[in-house]
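# Remarks on the overall topology
Chain residues, written in single-letter form:
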2 protein chains.
Amino acid sequence: MSDKAIRMPLQSLIQSMLPAVEDELRRAVADVKAPGMDMLHHMLAYHMGWEGEGAGPSATGKRIRPLLVLLTCAAATGEWERALPAAAAVELVHNFSLIHDDIEDNSPLRRGRPTLWKLWGIPQAINAGDALFSLAHLEALRLADTLSVETTIMATRIIQQTCLHLTQGQHLDIAYETRRDLTANDYWPMIGGKTAALLAACTDLGALTANADRAARENYREFGRLLGLAFQVQDDLLGIWGDAALTGKSSESDLVAGKKSLPVLYGLDQRGPFAARWAAGSIQPEEAITLARQLEAEGARAAAQATADNLTTQALQALDDAQPQGESGEALRELALKLLQRQT
Amino acid sequence: MSDKAIRMPLQSLIQSMLPAVEDELRRAVADVKAPGMDMLHHMLAYHMGWEGEGAGPSATGKRIRPLLVLLTCAAATGEWERALPAAAAVELVHNFSLIHDDIEDNSPLRRGRPTLWKLWGIPQAINAGDALFSLAHLEALRLADTLSVETTIMATRIIQQTCLHLTQGQHLDIAYETRRDLTANDYWPMIGGKTAALLAACTDLGALTANADRAARENYREFGRLLGLAFQVQDDLLGIWGDAALTGKSSESDLVAGKKSLPVLYGLDQRGPFAARWAAGSIQPEEAITLARQLEAEGARAAAQATADNLTTQALQALDDAQPQGESGEALRELALKLLQRQT
């Protein structure tokens, strides 16, 4: 499959879409500007990767979510330009949730740069997240400029329900930190909210803005949801066995952070040496490599990889069922594969 | 004016409106329910004053904001029942902002009860606030059930812009904590966002849902904005010279907390003994009464009271200009007066 990762449709579409996304995002964030709001705007521009030390492509992230919206819209034979406010809105929602997640997870770094709360303190960072959340919703309402009011209402409802779902997933994630009785079954409701909901919203919004019929919308939505699940499992694998340089954080951090990722929950279910060590208390950084090997020896890595592969197959099937059209359809498939092969 | 505070229109309208508001709020908050979400729902129900120790009327607050929406709708000759989703949405926005403000201000108590972050920790409390924010927006979209889609879009835009304005005001409030160069002029942009914006939204939404014409909407909006400013100045007075039992917190807390309220900023502008003591470092609880007397002796109390009175007069003039109709119009005036005479 790796030959598809270098085919042209995705690259050429990305080159036309990404600058438009970035323009839309900058315009949306500029709405916070007002007398006395220079610092608040700078905080948001820093978080978005546009300003401050380390600003640039590595700081912005890849804008996967808006691309998913736009490619889905185009693959469903819509004009992707009309979906730009939806694309920008989901990226703003994503970034709002990162600001708050970083506080809630006590994370000092995001994409290799100090997090907002580290630089400006928790009170200003919570509030900056709230500002970005508000800007996301204002941006979603801009759909009324390009689409019917009925579609705008439907799109904003999708976004609001997704935001609620995100907080439900995050609630579980935080609650799990202190729970000792978790099994692999507890994993899915958490990442269903934390990761899959937003990607499902992306493909749903793309199809909606293209006026796709209900069956196609459901297939696209399911594609996004399964892609999100597969992506998260892959992310969990990288969080334990990935090359730290690829993720911008210590490759062992998920074990050290005590994150209840799928491989960890699988390991706990085995009730073997990994589970015994996990139950004995926090993992120290110097143990992380040994413990990652132990977890692998107990089958957690292979099991999680099989799960990721299975979800990937299902996601691609849902995409096929949606019958995506033209180059955008190919590009959408390419993007999915690229997302799921990040470690190669 | 105090005889108006016990006249009947407000009491009888409140008695029919408040249970409807509470029903709408409970239904909106119930949207967070899902498997595994019992604790998240309980956190929100606790914060709303419905559950947990101390639940009841003193914990819910007075629901002033939704009442303002509904009374304005009725005074503008609309059916107030159709404005219920807007009324509930603003109350949810208000409560979301309280959850985050309590974290940002390090406040252990709210309405005499432990705050959410004190009981469940900062990460869960930030996230619960985000959930309530999402529920507020979902609730606003319910206006589409009772009003045209165009009006729904306009109403949600008012709410989103208000949320942004709230975060701008809060940004200044937090930034002011560490600034030593503030004057009374810095006060208005802060409370314009923190307090006045939401009350302006209430009266604007009430008029909008009643299909009031543009001039009436602007007058109602201005009434709400001025009422918010007057209310905040009154609150500042109570924060220093009020009876602690009325506010559920130490009457001296604003001085001890270092809050840059209008009387404090007025005192700083005098460059007298109060300003000298303020510049010397944090106020200790045992100094608070003496310092409040000093501040009063320097004219801050009288100046702030004159400002509050002036704003009240302007607010009531804007209300008259809106030409509110019938019992609801009288009740609206009554509510405004009641709000501004809380210390009597």
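These numbers come from a predicted model, not from an experiment.

## Focus on the environment of Gln294(B)
All names here are of chain B. Structurally, glutamine 294 is set in helix 15 (residues 288–297). Distance in space between the C-alpha atoms of glutamine 294 and glutamine 341 is 24 Å, their sequence separation being 47 residues. Those residues in contact with glutamine 294 that sit more than four places away from it in its chain are Pro273 and Phe274.

## Some words on helix 8 (residues 149–176) of chain A
The terminal C-alpha atoms of helix 8 of chain A, which comprises 28 residues, lie 41 Å apart, in line with the 40 Å expected from a rise of 1.5 Å per residue. Burial within helix 8 of chain A is extensive, with 23 of its 28 residues counted as buried.

## Side note on the interface of chain A and chain B
Taken residue by residue, the interface counts 41 residues in chain A and 41 residues in chain B. With both chains or domains summed, chain A and chain B bury close to 3700 Å², and 70% of this area falls on carbon and sulfur atoms. On the surface where chain A and chain B come into contact, there are 0 salt bridges. Summed over the shared surface of chain A and chain B, the result is 10 residue pairs in polar contact (both at pLDDT 80 or more). Secondary-structure elements contributing two or more residues to the side of chain A that touches chain B are helix 2 (38–47), helix 5 (84–104), helix 7 (122–141) and helix 8 of chain A. Per element, the largest residue contribution to the side of chain A that touches chain B is 17 residues, and it comes from helix 8 of chain A. Of the residues in the side of chain A that touches chain B, the class split is 22 nonpolar, 14 polar and 5 charged.

## Brief notes about the packing of aromatic side chains
Taken as a whole and assessed by the stated rule, the structure comprises 9 aromatic pairs over all chains. Residues Phe96(A) and Phe133(A) carry aromatic rings whose centres are separated by 4.0 Å and whose planes lie at 5 degrees to one another, so their mutual orientation is stacked. Pair noted here: Phe96(A) is in helix 5 and Phe133(A) is in helix 7, with a separation of 37 residues, a long-range link. Neither residue differs from the other here; Phe96(A) and Phe133(A) are each classed as buried. Ring plane angle 90 degrees and centroid distance 4.9 Å describe the contact between Tyr187(B) and Trp188(B), whose orientation is recorded as edge-to-face.

Parameters and conventions
Residues numbered from 1 in each chain as written. Chains lettered and ligands numbered in written order. Predicted model: local features only at pLDDT ≥ 70, side-chain atom pairs only at ≥ 80, totals over all residues. Heavy atoms only, no water. Helix = DSSP H or I, 4+ residues; strand = E, 2+ residues; numbered from the N terminus. Contact = heavy atoms within 4.5 Å. Expected span 1.5 Å × (residues − 1). Buried < 20%, exposed > 50% of the residue type's maximum accessible area, 1.4 Å probe, protein only. Buried area = accessible area lost by both parts, 1.4 Å probe. Salt bridge = Lys/Arg side-chain N within 4 Å of Asp/Glu carboxyl O. Polar contact = N/O pair within 3.5 Å; in protein donor to acceptor, adjacent residues only side chain to side chain. Nonpolar A, V, L, I, M, F, W, Y, C, P; charged D, E, K, R; others polar. Phe/Tyr/Trp six-rings, centres within 6.5 Å; stacked < 30°, edge-to-face > 60°.

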